[in-house]
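Report on the structure
What follows is each chain in one-letter form.
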Amino acid sequence: MRQRMNTVQLPAKSVPVYARPDVLVAGGGPAGVGAALAAARNGASVLLVEQRGYLGGMATVSRVPAFCPYTDHEKLVIRGIGLEILDGMKSRMEPEFLDIWKDRADWVPIDSEVLKKLLDDKMGQAGVKLLNHTLVGDVLSADGIVGTVLIHNKTGTQAVQPKLIIDATSDADIVYRAGGRFSKGGDNGDLQPGTMCFVLSRLDRQRYMEYVREHGPSLKKAINQAKAEGTLRVVRDWAGISWVNDHTAGLNFGHVFGIDGSNAEDLTRGGIEGRDLVHHIVSWLKATIPGFEQAYLTQTGEQVGIRETRRIVGDYVLTADDFKMCRSFPDDIARNAYFIDIHMANAASGMTVVHLPPGESHGIPYRCLLPAGLDNVLVAGRAISTDRVTQGSTRVMPNCFAMGEAAGTAAALLLAQGSVRSREIDMESLQKQLIKQGAWLGEAAAARYGQATV
């Protein structure tokens, strides 16, 4: 139980203004990366604020081992900046890796160190001003306009006064602090569990593949046997293993329950419990799975991986029915084909998985990026306006790149037309510009604006 906190009254003080950019992007995960690059490339001055010492979000901070699919099993759905980053990372990895993954875009393993450097380079080339080791704090707003965002870092407390803001914090931190409306979790407040991902080295991939050829392409049988014997304390009989090379792999394996990623105490407990579980899992792998006998735990995530927290209430709430019916919208700014993937909220509940047919996707309307009651703030990433079921699909990193690119492009176009109010965007101009940048908005938009469909 958390104790109710007493309060203190802080004295008034003057805070220095750090910057007055055209666009402030808060959060340097895939959504923030897409937003910052798109806004800067379209002529806006951009400040990107990130709480860690590097960009990449869950891919680098939490060591999520692979990118979710970019395709609908027939064609690329995530293109533009997201595909640029994927291809750029692959091109910098070992030749053997490129030989395997060069023409593939689904479940591509992530080399977090390569990705960190690539993103640094991209920001420098685009002219994005980057401020790492910095948290966003309180905001000052009036009449739907957030005029000031306080930031906190080793320098102290400073103010940023942007014209437009893109909240890519994953937890809708700026919308929350500005008094915006949001939802969180299921009807009972339940949240998907976290996962502490990790990296192992000194592996023998060939020996492991021999085991897989004999026992099947997953560890399901071994996991279930160990669970029945009481030698492995995981809930789900699944392990995601992504091989970066023949002796190194990232793993997404195990769950930590009851973690609210917007609460510092929960994040602390999630890290402690997650690391404990990882060491337990590694011991089991070394003792049980061929090819893992000499496994060395190279790294756990800096933070337990988080699947859901706040979702804004926006001008439109994307629903499970929209997903299942593969709906398109007049204001589509991205497409999504990833399956609904809701992990169990506790050890007794089950998974929810719903796939779309191959070749099918649904639209993500611009209105889902617009928090109710706020005019100069756009949201990109897993906190956009959806119901809980649909968030289990839209939340993944490729989608976040696409939503971020749309938000950043919209911000730059708004400023070019002399507006700081997100709802004044010329939708045709936005869609045309996104397609010009290589984004995919579906067959109807491709036909309307003359884009190749393949």
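Before any of the text, the structure's been laid out above.
Please read all numbers here as calculations on a predicted model, not as lab measurements. (Residues numbered from 1 in each chain as written. Predicted model: local features only at pLDDT ≥ 70, side-chain atom pairs only at ≥ 80, totals over all residues. Heavy atoms only, no water.)

**Here we look at helix H11 (residues 397–416)**
With 20 residues, H11 should reach 28 Å at 1.5 Å per residue; the first-to-last C-alpha distance of 29 Å fits that figure. Of all the 20 residues making up H11, 18 are buried; the element is thus mostly covered by neighbouring parts of the structure. Looking one or two residues beyond H11, the residue adopting positive phi is Gly418, at roughly 85°. (Helix = DSSP H or I, 4+ residues; strand = E, 2+ residues; numbered from the N terminus. Expected span 1.5 Å × (residues − 1). Buried < 20%, exposed > 50% of the residue type's maximum accessible area, 1.4 Å probe, protein only.)

**Notes on the packing of aromatic side chains**
For the structure shown, the criterion picks out 11 aromatic pairs. Pairing Trp243 with Phe292 gives two aromatic rings, centres 6.2 Å apart and planes at 65°, and the pair type is edge-to-face. Of the two residues, Trp243 is situated in strand E11 (residues 240–245) and Phe292 in the loop between helix H8 (264–288) and strand E13 (296–300); the sequence distance between them amounts to 49 residues. The residues Trp243 and Phe292 share a single accessibility class, namely buried. Chaining the aromatic ring pairs together yields one cluster made of Phe67, Tyr70 and Phe401. Above the plane of the ring of Trp101 lies Arg104, whose end atom (NZ or CZ) is 4.0 Å from the centre. The lysine or arginine in question, Arg310, covers the ring of Phe182, its NZ or CZ lying 5.6 Å from the ring centre. (Phe/Tyr/Trp six-rings, centres within 6.5 Å; stacked < 30°, edge-to-face > 60°. Lys NZ or Arg CZ within 6 Å of the ring centre and 35° of its normal.)

**Thoughts on the packing of helix H1 (residues 30–41) against H11**
Direction vectors running N to C along H1 and H11 enclose 30°, while the axes themselves pass 6 Å from each other. The orientation of H1 with respect to H11, classified from their angle, is roughly parallel. Between H1 and H11 the crossing geometry is right-handed. Each of Pro30, Ala31, Val33, Gly34, Ala35, Ala38 and Ala39 in H1 lies in contact with H11, whose residues at this interface are Met397, Cys400, Phe401, Gly404, Glu405, Gly408, Thr409 and Ala412. Broken down by class, the residue content of the contact of H1 with H11 amounts to 10 nonpolar, four polar and one charged. (Axes fitted to C-alpha atoms, helices over the stretch in contact; angles between N-to-C directions. Parallel < 35°, antiparallel > 145°, perpendicular 65-115°, else oblique. Left-handed = near helix turned anticlockwise from the far one by under 90°. Contact = heavy atoms within 4.5 Å. Nonpolar A, V, L, I, M, F, W, Y, C, P; charged D, E, K, R; others polar.)

**Points about the environment of Phe253**
Mapped onto the fold, Phe253 is located in the loop between strand E12 (248–252) and H8. It is 12 Å that separates the C-alpha atoms of Phe253 and Arg275, two residues lying 22 residues apart in sequence. Sequence-distant contacts of Phe253, defined by excluding residues within four places in its chain, comprise Thr195, Met196, Phe198, Ile223, Leu232, Val234, Trp238, Ala239, Ile281, Trp284 and Leu285.

**Considering the pairing of strand E10 (residues 198–201)**
By the alternation rule, side chains of E10 split into Phe198 and Leu200 and Val199 and Ser201, which are all buried. The sheet contact formed by E10 and E12 spans three bridges and is antiparallel. Paired with Leu200 across the two strands is Ala249, which belongs to E12. Bridge analysis of E10 against E13 gives four bridges, and the strand direction is antiparallel. In the strand pairing of E13, Val199 is matched with Gln299. (Pairing = 2+ DSSP bridges.)

**Quick word on the side chain of Ser112**
One can find Ser112 in helix H4 (residues 112–126). Here Ser112 is in contact with Ala59, Thr60 and Arg63, once residues within four sequence places are set aside.

**Concerning unusual backbone geometry**
At His73, a position not held by glycine, the phi torsion is positive, near 80°. If you trace the backbone, His73 turns up in the loop between strand E3 (46–49) and helix H2 (80–91). With a phi close to 60°, Arg202 is a non-glycine residue in the positive phi region. Along the chain, Arg202 falls in the loop between E10 and helix H6 (205–215).

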